[in-house]
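This is what each chain is made of:
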Amino acid sequence: MSYKELYDKVGSVIGWDFSDIAERTKTLGEKWDYVDLVKKYVNKEALLLDIGTGGGEILLKIAPFVKEAKGIDNSESMIKTAEKNLLKSRRSNVEFILADARSLPFQNESFDVVICRHSEFYPNEVSRVLKPGGIFITQQVGEKDKENIKKIFGRGQSFGEPVGALMNKYIKELKNSGFKILREDSYNAVEYYANMKDLIFLLKNTPIIPDFNIDKDSTFLREIEEKYKTKEGIKTNSYRFLIICKKLTA
Ligand SMILES: C[S@@+](CC[C@H](N)C(=O)[O-])C[C@H]1O[C@@H](n2cnc3c(N)ncnc32)[C@H](O)[C@@H]1O
């Protein structure tokens, strides 16, 4: 199953809402909180774009702190769920648009801040739609994420790729697209999922293990439970990296 097929499938069921299992998951060693961090770079005058917004869950938390927010996603089902979430939120300064990150449907220099969490983005397009001096913030999943689990499966998102490769690639591309890097950072936090049911929910609904199948992969699941079940829960790790950069004025 391609990433696009996975997101289309998941989008209509949960959007990108993992708050239920997140409440039960213990995480130790996160260096930043993404929403709090974005809030530091916006104000009530800011026009903000979120690339790969999913069900808009994160954008709707940031929207009260900006003038206008747009969220784009190339999955129709994600956008439908985002629109439902928007209705529930009763916010009037947010719009969700079906669009691809490769070709953003906005004029040059439309936004003060562009954000992108766990989706692909294209630095030239981000630069084009940002005003000079505008800020781009992205948090991404690093190669080492869920390392013990991917080792047991012998496959996984970025499995076996050198640590830092994706971050370095993005930094290079962003610099080439006229950005000055303000912060590059990463963390490797310890995570405990409350039980195997929560971990399986995660694996079924995310790209961590491509083509995860609860029946075909049952031996791997048993091995994870045997090796990593602790009093705190099922132990793994969350590896994230962050890039904050500024579009240089011409
Ligand atoms: C892992 S989810 C993250 C959702 C949200 N940003 C969050 O952090 O909660 C990735 C989202 O990016 C979207 N996406 C992936 N590639 C994209 C592209 N080329 N253009 C637009 N959206 C894309 C997917 O459809 C999915 O909704």
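Shown above is the structure to which this text applies.
Quick notes on the rules
- Residues numbered from 1 in each chain as written.
- Predicted model: local features only at pLDDT ≥ 70, side-chain atom pairs only at ≥ 80, totals over all residues.
- Heavy atoms only, no water.
- Helix = DSSP H or I, 4+ residues; strand = E, 2+ residues; numbered from the N terminus.
- Rg over C-alpha atoms; globule rule 2.2 N^0.38 Å.
- Buried < 20%, exposed > 50% of the residue type's maximum accessible area, 1.4 Å probe, protein only.
- Contact = heavy atoms within 4.5 Å.
- Areas by Shrake-Rupley, 256 points an atom, 1.4 Å probe, with all protein chains shown as cover.
- Lys, Arg positive; Asp, Glu negative; His and termini not counted.
- Charge placed at Lys NZ, Arg CZ, Asp CG, Glu CD.
- 1 Å grid on protein atoms, 1.4 Å probe; cavity = no way out; pocket = protein on both sides within 12 Å on 5 of 7 lines; lining within 4 Å.
- Points joined across faces, edges and corners; volume = space filled by probe spheres on them.
- Nonpolar A, V, L, I, M, F, W, Y, C, P; charged D, E, K, R; others polar.
- Axes fitted to C-alpha atoms, helices over the stretch in contact; angles between N-to-C directions.
- Parallel < 35°, antiparallel > 145°, perpendicular 65-115°, else oblique.
- Left-handed = near helix turned anticlockwise from the far one by under 90°.
- Salt bridge = Lys/Arg side-chain N within 4 Å of Asp/Glu carboxyl O.
- Pairing = 2+ DSSP bridges.

Colleague: What exactly am I supposed to notice about the overall build of the protein here?
Modeller: Across its full length, the protein holds ten helices and nine strands. Taking 2.2 N^0.38 as the reference for a compact globule, 250 residues should give roughly 18 Å; the C-alpha atoms of the protein span a radius of gyration of 18 Å, in line with that estimate. In terms of overall dimensions, the protein has a C-alpha envelope of 55 × 40 × 30 Å along the principal axes. Taken over 250 residues, the protein has a buried fraction of 50%. Contacts in the protein between residues far apart in sequence, at least 24 positions, make up 71% of those at least 6 positions apart. Accessible surface, the protein: about 12700 Å² in total, of which carbon and sulfur atoms supply 49%. The average position of the 41 basic charges and that of the 37 acidic charges among the side chains of the protein differ by 3 Å.

Colleague: Help me out: how do you make sense of the layout of surface pockets in this one?
Modeller: Empty pockets left among the atoms are what a rolling probe the size of a water molecule brings to light. Empty space within the second largest pocket amounts to approximately 170 Å³. Lining of the second largest pocket is provided by 13 residues; of these, Met1, Leu6, Ile209, Asp211 and Phe212 occupy positions nearest its centre. Broken down by secondary-structure element, the contributors of at least two residues to the lining of the second largest pocket are α1 (3-14) and α9 (196-205). Taken together, the residues of the lining of the second largest pocket break down into eight nonpolar, two polar and three charged.

Colleague: Is there a simple way to think about the packing of α1 against helix α5 (residues 76-89) in this case?
Modeller: Two measures define how a pair of helices packs: the angle their axes make with one another and the distance between the axes. Taken N-terminus to C-terminus, the directions of α1 and α5 make an angle of 20 degrees; their axes are 7 Å apart at the nearest point. The pairing of α1 with α5 is recorded here as roughly parallel in orientation. Between α1 and α5 lies a crossing of left-handed hand. Only Glu76, Ser77, Met78 and Thr81 of α5 make contact with α1, whose side of the interface consists of Tyr7, Asp8, Gly11 and Ser12.

Colleague: Any chance you could explain the pattern of salt bridges here in plain terms?
Modeller: Oppositely charged side chains can form a pair if their charged atoms are brought close together. Counted by the stated rule, this structure contains 20 salt bridges. Between Lys146 and Asp145 there is a salt bridge; the shortest N-O distance is 3.3 Å. Here Lys146 matches Asp145 in class, with each residue buried. Salt bridges linked by common partners bring Asp145, Lys146, Glu191 and Arg240 together as one network.

Colleague: Which parts of the structure should I look at to understand the pairing of strand β9 (residues 233-247)?
Modeller: The two faces of a sheet get side chains in turn, since along a regular strand they alternate between them. Of all 15 residues in β9, 13 are buried, a share of seventy percent or more. Direction of pairing for strand β7 (residues 179-193) relative to β9: antiparallel, over a ladder of 14 bridges. Across the sheet, residue Tyr193 finds its bridge partner in β9, namely Ile234. As defined by bridge partners, strand β8 (residues 229-230) adjoins β9 across two bridges and the pair is classed as antiparallel. Each bridged residue has a counterpart across the sheet, and for Thr230 the counterpart in β9 is Gly233.

Colleague: How should I be thinking about the pairing of strand β4 (residues 94-98) in this particular structure?
Modeller: Of the strand pairs in this sheet, strand β3 (residues 68-73) and β4 are connected by five bridges, and their pairing is parallel. By the bridge assignment for β4, Lys70 is matched with Glu95.

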